[in-house]
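# Reading the structure
The residues making up each chain are set out below.
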Amino acid sequence: HNSLARFMAYYAQPAAPAAAAPAGPPDYEVQNVQDDTISSLAWSPNANLLCAASWNNDVRVWEMNQSGIVPRAALQPAHTGPVLAASWMPDGTGILTASADKMAKLWNLSTNQAQQIAAHDGPIRDVEFFPDQRVFITTSWDRTLRVWNGQQGTPVNRVQLPERVWCCHSRGVYLAIACADKNIYSFDMRNLAQPFRTDASKDNQTTVVKIFPDQTGLTHASNDGRVSILWYQENPAIGRKNFAFKCHRDVTKKEVHGINDICFHPTFGTFVTAGGDCSYIFWDHISQQRLAKPAKKTTPVTAVAFNNSGQYLAYALGYDWERGFDGNTPEKRTQIFLHQVTEDEVKPKPKAPGT
């Protein structure tokens, strides 16, 4: 999901080795997945329902039960262009979708109908719902953030951004937006007049930004294999220290790979990164350690998502357009797997001496 690289095609120090985690049950492959790259994975907040959005313009949902994981619903096509993001409504009754066709929609699962809720002058990178304000926000390549109430066809607020939106994420009342000017803008939804902070990114190109579960800061990553940890109020005395580290790199081959996604564990607050090097890695940003690195796959990992209990990690494999059109070979087929998470992979570890 280097969606930025694919947008362009479509529209004109290594970590210290970690102890090997005990072998768990084999990962379970989800059936009836899309035939093009998965851009986004998301679990329902109150059920074991997994949603996947794809570059083939559709969105699908599977239900996990005692017999496995089975198809539950599909919107085919959901849009007339690639679906770049999908997220659940807080009550689990609907799914928000954002597309390169310049529209955002709300898909009602009970009726299987999708209603357009937003429109932009360029591809919509993301759509989020803020329950306290009862509004949707959309961010776009047209350099705007727009706020919608779902009742009228025009935005109730519009914020001009300095550049195209590479990626964004919301949590609580906060919204973090990474733009093409290599800055990350943090907004409070209660006052969108201006960001409450702007942080320069050293990334070559920011591919993902995620706010911490406790909303005390954020992490962002790039297409050159770098993850940055940023606290809103830095305080090294209590472990809140800004730092960056390199990962998803092959030192022997001297290859640098992009980071396609990040997801925080809902219980322990640690996180997982998904990379173009065909791997996903678990990290503890408090103790500044790598927790576990499961065996490499044969295809880039384009999206990751923990379920609500944190017991399972869904991950998608597929081509992330890191190597352009020439790299899109038939063996890089799209797949989704479920990984049963072990405590060793996600439980925080004591801080190493000297860090």
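Residues numbered from 1 in each chain as written. Predicted model: local features only at pLDDT ≥ 70, side-chain atom pairs only at ≥ 80, totals over all residues. Heavy atoms only, no water.

### A word on the sheet that holds strand β4 (residues 59-65)
Strand pairing in a sheet takes place through backbone hydrogen bonds and is either antiparallel or parallel in direction. Overall, antiparallel pairing links the four strands, which are arranged β2-β3-β4-β5 in an open sheet. The outermost strands of the open sheet, each flanked by one partner alone, are β2 (38-43) and β5 (68-75). Adjacent strand axes in the sheet meet at a mean angle of 25 degrees when their direction is disregarded. Pairing of strand β3 (residues 49-54) with β4 involves five bridges; the strand directions are antiparallel. (Pairing = 2+ DSSP bridges. Helix = DSSP H or I, 4+ residues; strand = E, 2+ residues; numbered from the N terminus. Axes fitted to C-alpha atoms, helices over the stretch in contact; angles between N-to-C directions.)

### Overview of the pairing of strand β30 (residues 335-340)
Looking down a regular strand, the side chains alternate between one sheet face and the other. Within β30, five of the six residues are buried, which leaves it mostly tucked inside the rest of the structure. Relative to β30, strand β1 (residues 28-29) runs antiparallel, the two sharing two bridges. Across the sheet, Y28 pairs through a bridge with L338, a residue of β30. Direction of pairing for strand β29 (residues 312-317) relative to β30: antiparallel, over a ladder of six bridges. Directly across from A316, in β30, lies its bridge partner I336. (Buried < 20%, exposed > 50% of the residue type's maximum accessible area, 1.4 Å probe, protein only.)

### A closer look at the nonpolar core
Counting 17 residues, the largest nonpolar core has L41, L50, I336 and L338 as the members making the most contacts within it. Looking at this core, the elements with two or more residues in it are β2, β3, β4, β28 (301-306), β29 and β30. When near neighbours in sequence (up to four residues on either side) are disregarded, L338 contacts D27, Y28, V30, W43, L50, M64, I69, L313 and A314. (Core = buried A, V, L, I, M, F, W, Y, C linked by side-chain atoms within 4.5 Å. Contact = heavy atoms within 4.5 Å.)

### Let's talk about the sheet that holds strand β7 (residues 94-99)
Here four strands make up an open sheet; going across it, the order is β6-β7-β8-β9 and the pairing antiparallel. Among the strands making up the open sheet, the edge pair consists of β6 (83-88) and β9 (113-119). Taking each pair of neighbouring strands and ignoring which way they run, the sheet shows an average axis angle of 25 degrees. By the bridge criterion, six bridges tie strand β8 (residues 103-108) to β9 in an arrangement that is antiparallel. Residue pairing in the sheet places K105 in a bridge with Q116 of β9.

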